[in-house]
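# Results of the structural survey
Here's the letter readout for the chains.
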Amino acid sequence: MNLLYLRCFLTAIAVLSFASVAKAQDMPVFYDYVENGVLQGGRITVDRGNPDHRRVFGLDPLGRVAGPVWSVTTVLDNGPITNRIDIVMLGDGYTTGETTTYAAHVDAILASFFAGEPFAAYSTYFNVHRVDVVSNESGVDEIDLGIFKDTALDMEYGCFGIARLLCINISKTYDAAASAPAVDQILALANSTRYGGAGYPFDNLGTVAGNNSSAVEIGLHEFGHSFADLADEYDYADGTTYIDPEPSEPNVSIFNAPTQIAQSRKWYRWMNLPSVDTFEGAYYTQFGIYRPTSNSKMRSLNRPFEEINIEQFVISIYEIVSPIDDATPSSPVPLPHTTEFFVTPLQPIDHNLDVQWFIDGVEVIGAVSSTFIPSDVCPALGLHDVAVTVIDNTARVRDPNARALWMTDTRQWQIDVSEECEIQPANAIVWDPTLNPTPWPNANPLATTRSLRFTVTGLAGPAKPEAIKVTMVDLQHPKPANLTAQAPSNFTTYDTRLNGVCNGGTLNGHHCDADADCPPLPVVVGRCSSMVTCTAAGEANGCARWVGKPGTFLESQDLGVGGGIYIAARLQCTPFYYDWTTEGLIAVVGAEIVPSSEYSVQTYGASCMGAEDGCTNVSTAVTMYTRRAGDAAPGFNPPLSATQPDALDVAAVVTKLKSLPGALVKAITQLQPNVPELNANVNALDIAAVVDGVKRVKYAFSGPCTCPSAVTCGESCTDCAGMCVKTCSGGTNDGQPCIDSTRHCPGGTCGTPLCRDRCGRCRP
């Protein structure tokens, strides 16, 4: 840096105070260092309207000559610069003979830069370019020590009279960065071991000592300033009180938790998390100002950024990139309705962006893949608008306005439907007949006590949405029969078997084929009479249910081998259209799936959407059966066809519960009465169920839920008389049961537990 300018500058302004920020041309610069193991620093202000300031920081273009074009290496290439965040790494004080050293410093920082949140998830959104800037002398200026070097970017410690503030000539920096293919952010490395750094939010620029052991940590901290516009969260424990207005930065506030919640300020949406609150002390002041978490990387090094700062990072990422990387090109004329439209989302590492196609502004149910052919859903003759929306529903962001503004993108076209399209027939249900050889007992482990497992398959071709209907045929006739104490409850009104119903006797109301099926003895002639209805009181669709949204669950969540993920879906009261052919084996669960019972399953084609009653575009119905009540799946003590669980089965479940060596993969028998927590391993309820089986106690399954259900989520688990179930918030498994965020909620978080009824639905 020119020493004459420096002396004039220091004489004129001495040390600048961050409290002087007042004018639009003022530029805050953050500086940070570690002293006695504690992160310290401050905030100064550069007045871009002040000629002296402009000269010091190289902001005055008059008489300035553009710098040379330097050699560039793209060290991280994740895609086109038009839709990536391009970080440019620069070095100052590295001579021609030190270019290898500079490259090693860059590699050392990048080795850890993308390891933590949120960069680990969004690393695919970044390119990194290393510009090999060469200086005449090794090292950088250290004004406080009287050391001055001839370097390309005029980096220096001690500017503004602050020893650890690492300044740089901004104009020369951007001249050098222009050698890279694109520039969104700059991280400049000083050839020094001396701790120091600075963040320039207005210039998307950070500085760091390239050869310091904490280079990556201070680089990330400065990136918080320069990229996400975050404030420092540390204070000096010096008894000072903040008296200025509310800061603009998102991670500090003068409002405490009750006020933020009441007035919907800053991080109020996160206050339900135990780690988020208003912790007093931030922004270099001990009292009167708050930070969102106890300790984050903006307060101490070697810490996570934590939720509020991570949210701001993700929003800042989408302020630069679009969720859509590529799509069918726009067209000045309507396209044929047989056009295969495509969209390519910009995918993070740990979750997929959500895709939804529309026709004339109406959501096409089930059209959620990267391709879409309008003719598959048969729009009417004429012109129609086709659109696709891609959105990142990550739980890392809770601000709906930011999600709508930055994290959502849409493409739109027009199509011309000039001829009637052919209705796509419904795909077939496939259920291996060997699953029900007699039909009971079922030897194949895919035939479970509490689920139906099948696939939906069709001819190769475009994806198409379909709904799956499950009809309860016979919930009353176990073969072989359950033990007397294990006889099922009266589920007559929920199924379609019309052979007969017991009129009186101990099984009054139960299904029967003959009078002998209706004890007590002697048989009363006419005791088995015709059945009248299969619809329970108050139900809209009685004996039928629809398969809901599928989700990915972890069969071997804590074993790691021998299991793998599986796809499961619950029964619900309304149709759900989806391209089921992409899911493979599906496990359908719900209170309606009870042991030792018979079901009929079929698909409804897309043409049935909204008009399922009377629709003929349905697949051939496939008959399926569940295992007998209390029977254990192979892998426990495999029982004979005439036996039920014994003491060895109980021991196996206890072994699983205790996670002992040799424990089995998740108990697919699902012996507990209800399974709202699909990801849960066996627990005390499973043990109790097996013990009950050994003791030959009463039938444990309470049967179908009434339909429709109008309950909504909202009741917490406190003093809950039902079941406490956590649900994924955001991510690919949004709204599905979870145990923890990492394994069950990719891209989201495992939220606050809600109270569920026996059907797995939220209580009102």
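For clarity, every value in this text was computed on a predicted model and none was experimentally measured. (Residues numbered from 1 in each chain as written. Predicted model: local features only at pLDDT ≥ 70, side-chain atom pairs only at ≥ 80, totals over all residues. Heavy atoms only, no water.)

## Observations concerning the overall build of the protein chain
If you tally the helices and strands in the protein chain, you get 12 helices and 36 strands. Across the 764 residues in the protein chain, those meeting the buried criterion constitute 53%. Sequence-distant contacts in the protein chain: of pairs separated by 6 or more residues, those separated by 24 or more amount to 67%. When the accessible surface of the protein chain is split by element, carbon and sulfur atoms take 55% of a total near 31,300 Å². (Helix = DSSP H or I, 4+ residues; strand = E, 2+ residues; numbered from the N terminus. Buried < 20%, exposed > 50% of the residue type's maximum accessible area, 1.4 Å probe, protein only. Contact = heavy atoms within 4.5 Å. Areas by Shrake-Rupley, 256 points an atom, 1.4 Å probe, with all protein chains shown as cover.)

## Quick notes on the sheet that holds strand E21 (residues 408–417)
One open sheet holds the five strands; their spatial order is E15-E21-E20-E17-E18, and the pairing between them is mixed. The open sheet terminates on both sides in strands that have one partner only, identified here as strand E15 (335–336) and strand E18 (362–363). Examined bridge by bridge, strand E20 (residues 382–391) and E21 share 10 bridges and lie antiparallel to one another. Within E21, the residue paired with Ile391 across the bridge is Thr408. (Pairing = 2+ DSSP bridges.)

## Here's the deal with helix H6 (residues 215–226)
Here H6 contains 12 residues, and its C-alpha end-to-end distance of 16 Å stays within 8% of the 16 Å for a straight helix at 1.5 Å per residue. For H6, a buried count of 12 out of 12 residues is recorded, marking the element as mostly surrounded by other parts of the structure. Buried within H6 we find Ala215, Val216, Glu217, Ile218, Gly219, Leu220, His221, Glu222, Phe223, Gly224, His225 and Ser226. (Expected span 1.5 Å × (residues − 1).)

## Overview of the state of the cysteines
Evaluation of the coordinates by the stated rule reveals two disulfides. Sulfur-sulfur distance for the disulfide between Cys159 and Cys167 comes to 1.7 Å. Taking the sign of the S-S torsion, 75 degrees for the link of Cys159 and Cys167, the bridge is right-handed. There is no split in this pair, since Cys159 and Cys167 are both buried. What pairs with Cys608 in a disulfide is Cys615, and their sulfur atoms sit 1.9 Å apart. (Disulfide = S-S within 2.5 Å.)

## Quick word on the packing of aromatic side chains
The final tally for this structure, using the stated rule, is 31 aromatic pairs. Considering the side-chain rings of Phe341 and Trp413, the 4.9 Å spacing of their centres and the 45 degrees angle between planes classify their relative orientation as tilted. Placement of the pair is Phe341 in strand E16 (residues 341–345) and Trp413 in strand E21, with a sequence separation of 72 residues. Each member of the pair, Phe341 as well as Trp413, carries the same accessibility label: buried. Look at Trp357 and Phe372: their rings are 5.4 Å apart centre to centre, the planes differ by 25 degrees, and that puts the pair in the stacked class. Of the two residues, Trp357 is situated in strand E17 (residues 354–359) and Phe372 in strand E19 (residues 371–372); the sequence distance between them amounts to 15 residues. Exposure class is identical for Trp357 and Phe372. Each is buried. (Phe/Tyr/Trp six-rings, centres within 6.5 Å; stacked < 30°, edge-to-face > 60°.)

## Looking at the pairing of strand E27 (residues 544–547)
Neither face of E27 is exposed, since Ala544 and Trp546 on one face and Arg545 and Val547 on the opposite face are all buried. Sheet analysis places strand E24 (residues 467–474) next to E27, joined by three bridges and oriented antiparallel. Each bridged residue has a counterpart across the sheet, and for Val470 the counterpart in E27 is Arg545.

## Some points on the pattern of salt bridges
As enumerated under the stated definition, the model contains 15 salt bridges in all. Salt-bridge contacts for Glu142 lead to Arg194; the nearest nitrogen and oxygen are separated by 2.9 Å. One end of the pair, Glu142, is in strand E6 (residues 141–142); the other, Arg194, is in the loop between strand E9 (185–190) and strand E10 (197–200), with 52 residues separating them in the sequence. Judged by relative accessible area, which is 16%, Arg194 ranks as buried. Linking Glu246 and Lys266 is a salt bridge whose minimum nitrogen-to-oxygen distance equals 3.3 Å. You can see Glu246 sitting in the loop between H6 and helix H7 (257–263) and its partner Lys266 sitting in the loop between H7 and strand E12 (276–282), a full 20 residues away along the chain. Take Glu246: its relative accessible area is 26%, and that puts it in the partly exposed class. (Salt bridge = Lys/Arg side-chain N within 4 Å of Asp/Glu carboxyl O.)

## Topic: the nonpolar core
Leu90, Tyr125, Phe126, Leu165, Tyr200 and Trp357 are the most contacted members of the largest nonpolar core, which totals 102 residues. Judged by nonpolar contacts, the second largest core, of 27 residues, contains Phe454, Ile586, Tyr599 and Val622. (Core = buried A, V, L, I, M, F, W, Y, C linked by side-chain atoms within 4.5 Å.)

## Section: the packing of helix H3 (residues 99–113) against H6
Where H3 contacts H6, the two axes come as close as 9 Å, and the packing angle between them is 65 degrees. Taken as axis vectors, H3 and H6 run roughly perpendicular relative to one another. For the pair H3 and H6, the sense of crossing is right-handed. Here H3 contributes Ile109, Ser112 and Phe113 to the contact with H6, which in turn contributes Ala215, Val216, Gly219, Leu220 and Phe223. Of the residues in the contact of H3 with H6, the class split is six nonpolar, two polar and no charged. (Axes fitted to C-alpha atoms, helices over the stretch in contact; angles between N-to-C directions. Parallel < 35°, antiparallel > 145°, perpendicular 65-115°, else oblique. Left-handed = near helix turned anticlockwise from the far one by under 90°. Nonpolar A, V, L, I, M, F, W, Y, C, P; charged D, E, K, R; others polar.)

## Side note on the confidence of the model for the protein chain
Looking at the protein chain as a whole, the pLDDT averages 78, with 73% of positions reaching at least 70. Scored below 50 in pLDDT, residues 1–24 makes 40 contacts in the model with residues more than four places away or belonging to other chains. (pLDDT = per-residue confidence, 0-100.)

## Some points on the side chain of Ser123
Tracing the sequence through the fold places Ser123 in the loop between helix H4 (119–122) and strand E5 (126–132). Residue class for Ser123 comes out buried when judged on its relative accessible area of 17%. In this structure Ser123 touches Asn78, Phe114 and Ile349, once residues within four positions along its chain are discounted.

## Structural notes on the sheet that holds strand E8 (residues 166–167)
Strand order in the open sheet made by the three strands is E6-E7-E8, with mixed pairing throughout. If you trace the sheet from one side to the other, it starts and ends with E6 and E8, each paired once.

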